[in-house]
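Coordinate analysis (summary)
Here is what each chain is made of, one letter per residue.
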Amino acid sequence: NFNLNADGNINLDASGEMNFDINDGDFVNFRNNGLSNNTFARFYAEDGASTKFEMLERGGASNNNLFLINVVDAGETTIETEDSSGSSAHITLRPDGDLKLRPNTGDTMFVSSVSAKPSVQLQNTNIDAVAPELVFQKLANGADGDDLGSILFKGDDGSGNVETFAQILGEINE
């Protein structure tokens, strides 16, 4: 064990690398006032399967209400929240600009095993008369017959094959 206590600030200054060596499966706690029951964050060293970082609610008031980042093979990353009551651990993103998702595959999926979900909502809380928009925009010189966007309604047929049963297609027609 190594303990470092201070009544004031501790400054770590390195002109090169600063390393903290931790054994596989072990973790480092970050605590408020050094109290063992007041852990507000925890970093777990790679355990052969993943590396993870947890932040606990309100300075460690609970061990089962948390924010978690977990990294596994090939950089696959899961970001999740956990609420002991099971319903209030929302994630809100508030960038000071646009929120852009640009996966290398080009696909973004919303997945749920809950009936009638996932649901995607566009909510406008402004008091003016202008509604929210869903925009499909192709950013290239267009020509007659070019598709601008489509909405596909897919499902499994009676044999379990994925089929497109209906679609809405927007196309250039000059």
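Summarised in this report is the structure supplied together with it. What you see as residue numbers is a count from 1 along each chain, following the sequence as written. Where totals are concerned, whole chains, interfaces and linings use all residues; where local detail is concerned, this predicted model gives features only for residues with pLDDT of at least 70, and gives and counts side-chain atom pairs only at 80 or more. Side-chain numbers here rest on the full set of heavy atoms in the structure, without hydrogens or water.

Things to note about the overall build of the protein
Counting from the N terminus, the helices are DSSP H or I runs at least four residues long and the strands are E runs at least two residues long. Helix and strand counts for the protein come out as 0 helices and 7 strands. Helices and strands in the protein line up, N terminus first, as β-β-β-β-β-β-β. On C-alpha atoms alone, the protein measures out to a radius of gyration of 24 Å, which is more than a quarter above the 16 Å that the 2.2 N^0.38 rule sets for 174 residues. Across its three principal directions, the C-alpha atoms of the protein cover 75 × 45 × 40 Å. Residue burial in the protein is summarised as follows: out of 174 residues, 10% are buried. The Shrake-Rupley method, run with a 1.4 Å probe sphere, supplies the accessible areas, and residue values consider only the shown protein chains as cover. Roughly 15200 Å² of accessible area belongs to the protein as shown, and the carbon and sulfur atoms make up 46% of that amount. For the charge count, each Lys or Arg is scored as positive and each Asp or Glu as negative, with His and the chain ends excluded. Charge positions are represented by NZ for Lys, CZ for Arg, CG for Asp and CD for Glu. In the protein, which carries 10 positive and 28 negative side-chain charges, the distance between the mean positions of the two groups comes to 6 Å. To get the radius of gyration, use the C-alpha atoms; to get the globule rule, take the number of residues to the power 0.38 and multiply by 2.2 Å. Each residue's exposure class comes from its accessible area (1.4 Å probe, protein chains only) as a fraction of the maximum for that residue type: buried when under 20%, exposed when over 50%, partly exposed otherwise.

Focus: the layout of surface pockets
The way it works is a 1 Å grid over only the protein atoms, where trapped points that fit a 1.4 Å probe form a cavity and open points with protein on both sides within 12 Å along at least five of seven lines form a pocket, and then any residue with an atom within 4 Å of a point lines it. Grid points are joined across faces, edges and corners, and a volume is the space filled by probe spheres set on the points. Reported here for the largest pocket is a volume of approximately 990 Å³. Phe2, Asn3, Leu4, Val28 and Asn29 are the residues nearest the centre of the largest pocket, which is lined by 20 residues in total. Among the elements of the structure, β1 (27-31) and β2 (39-44) are those that each provide at least two residues to the lining of the largest pocket. Among the elements that line the lining of the largest pocket, the one with the most residues is β1, at 5 residues. Just so you know the grouping, Ala, Val, Leu, Ile, Met, Phe, Trp, Tyr, Cys and Pro go in nonpolar, Asp, Glu, Lys and Arg go in charged, and all remaining residues, Gly too, go in polar. For the lining of the largest pocket, the per-class residue count stands at 10 nonpolar, 7 polar and 3 charged. Taken together, the residues of the lining of the second largest pocket sort by class into 9 nonpolar, 5 polar and 1 charged.

A few points about a nonpolar patch on the surface
A surface patch of nonpolar side chains, amounting to about 710 Å² of accessible area, comprises Phe2, Leu4, Ile10, Leu12, Met18 and Phe20. Looking at where Met18 falls in the secondary structure, it is placed in the segment before β1. Surface patches are defined over residues having more than 30% relative accessible area and no salt bridge, joining like charges when they lie within 9 Å and nonpolar side chains (Val, Leu, Ile, Met, Phe, Trp, Tyr) when within 5 Å. Just to be clear on terms, a salt bridge is a Lys or Arg side-chain nitrogen sitting within 4 Å of an Asp or Glu carboxyl oxygen.

What to know about unusual backbone geometry
In this chain, Lys117 is followed by Pro118 through a cis amide linkage whose omega measures 0°. The backbone of Ala74 sits at a positive phi, close to 60°, despite the residue not being glycine. Within the secondary structure, Ala74 is located in the loop between β4 (66-71) and β5 (77-82). Even without a glycine there, the phi angle at Ala116 is positive, about 65°. Among the structural elements, Ala116 can be located in the loop between β5 and β6 (147-156).

What to know about the pattern of salt bridges
A full pass over the atoms with the stated rule returns 2 salt bridges. As a salt-bridge pair, Lys138 and Asp146 come within 4.0 Å of each other at their nearest N and O atoms. Residue Lys138 is classed as partly exposed on the basis of its relative accessible area, which comes to 41%. The class for Asp146 is partly exposed, based on a relative accessible area of 22%.

What about the pairing of strand β7 (residues 162-171)?
Two faces, one strand: in a regular strand the side chains alternate between the faces of the sheet. When DSSP finds two or more bridges between two strands, those strands count as paired. As defined by bridge partners, β6 adjoins β7 across 9 bridges and the pair is classed as antiparallel. Each bridged residue has a counterpart across the sheet, and for Ser150 the counterpart in β7 is Leu169. Two successive antiparallel strands, β6 and β7, enclose a turn made up of 5 residues, where Gly160 displays a positive phi of approximately 85°.

Looking at the packing of aromatic side chains
Pairs were defined over the aromatic rings of Phe, Tyr and Trp, the Trp ring being its six-membered one, requiring ring centres within 6.5 Å. Orientation was assigned from the angle between planes: stacked under 30 degrees, edge-to-face over 60, tilted for the rest. Under the defined criterion, the tally for this structure stands at 1 aromatic pair. Centre to centre, the rings of Phe27 and Tyr44 are 5.2 Å apart; their planes meet at 50°, and the pair counts as tilted. Of this pair, Phe27 sits in strand β1 while Tyr44 sits in strand β2, placing them 17 residues apart in sequence. Sitting over a ring, as applied to charges here, requires NZ of Lys or CZ of Arg to be within 6 Å of the ring centre and within 35 degrees of the ring normal. Sitting over the ring of Phe27, Arg42 keeps its end group 5.2 Å from the ring centre.

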